[in-house]
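# Coordinate inspection notes
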Amino acid sequence: GAPSTPGGAGPPGTRPAVFTRSVLTSSGLPELDAALGGGLALGTITCLIEDTPTSWAHVLSKHFISQGLAHGHATVVCAADDHALESLPAVAQEAAPDSDAPP
């Protein structure tokens, strides 16, 4: 569906922007989200371009793809190598309480 307006219930994994009427989703890295003003606006295109081969762009791509997949977002990956979807970070989940553990 279409992005919701701030104050409404948006798609999973989104939140309203503080200063604009945009609906944001996470890049997968909280520090980058903070630098971007809360995340990436839905309905926009994000292009990562490396000027030199480093692991940073590869790590960022994996986290962004994982974040989208974890929330059921449509994700398109255009990559020069075949390894863009290998070893994606898993969704962190809380462990079930141990019934034998003391309270």
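Residues numbered from 1 in each chain as written. Predicted model: local features only at pLDDT ≥ 70, side-chain atom pairs only at ≥ 80, totals over all residues. Heavy atoms only, no water.

### A closer look at the overall build of the protein
As a reminder, the rule being used: For the purposes of this entry, the term helix denotes a DSSP run of H or I that reaches at least four residues, the term strand denotes a run of E that reaches at least two, and both are numbered from the N terminus. Relative accessible area decides the class of each residue, using a 1.4 Å probe on protein chains only: under 20% of the type maximum gives buried, over 50% gives exposed, and in between gives partly exposed. Residue-level accessible areas treat just the shown protein chains as cover; the underlying method is Shrake-Rupley with a 1.4 Å probe.
Scanning the protein for helices and strands turns up two helices and three strands. Going from N to C terminus, the protein has its helices and strands arranged as β-β-α-β-α. Every one of the 103 residues in the protein was classed for burial, and the buried ones make up 21%. Surface accessibility of the protein: about 7,700 Å² in total, with carbon and sulfur atoms responsible for 59%.

### Remarks on the sheet that holds strand β1 (residues 14-16)
Here is the rule we go by: Pairing between two strands requires that DSSP report at least two bridges joining them.
Reading across from one edge, β1-β2-β3 is the order of the three strands in this open sheet, with antiparallel pairing throughout. Across the chains shown, the open sheet's two edge strands, defined by having one partner strand only, are β1 and β3 (40-41). Where β1 and strand β2 (residues 23-25) come together, three bridges link them in antiparallel fashion. Residue pairing across strands places Arg15 opposite Leu24, the latter belonging to β2.

### Focus on the confidence of the model for the protein
Put simply, the rule is: The pLDDT value tells you how sure the predictor is about a given residue, anywhere from 0 up to 100. The contact criterion used throughout is that any non-hydrogen atoms of two residues lie within 4.5 Å.
Residues of the protein with pLDDT of at least 70 account for 74%, and the chain-wide mean is 74. The element-level mean pLDDT for the protein is lowest in helix α2 (residues 55-70), coming to 80, with β2 highest at 91. Note on residues 1-6: pLDDT under 50 across the span, and 11 contacts to partners over four residues away in sequence or across chains.

### Describing the side chain of Ser66
Residue placement: Ser66 occurs in helix α2. For Ser66, a relative accessible area of 11% translates into the label buried. Those residues within four positions of Ser66 in sequence are excluded, and the remaining contacts are Leu88 and Pro89.

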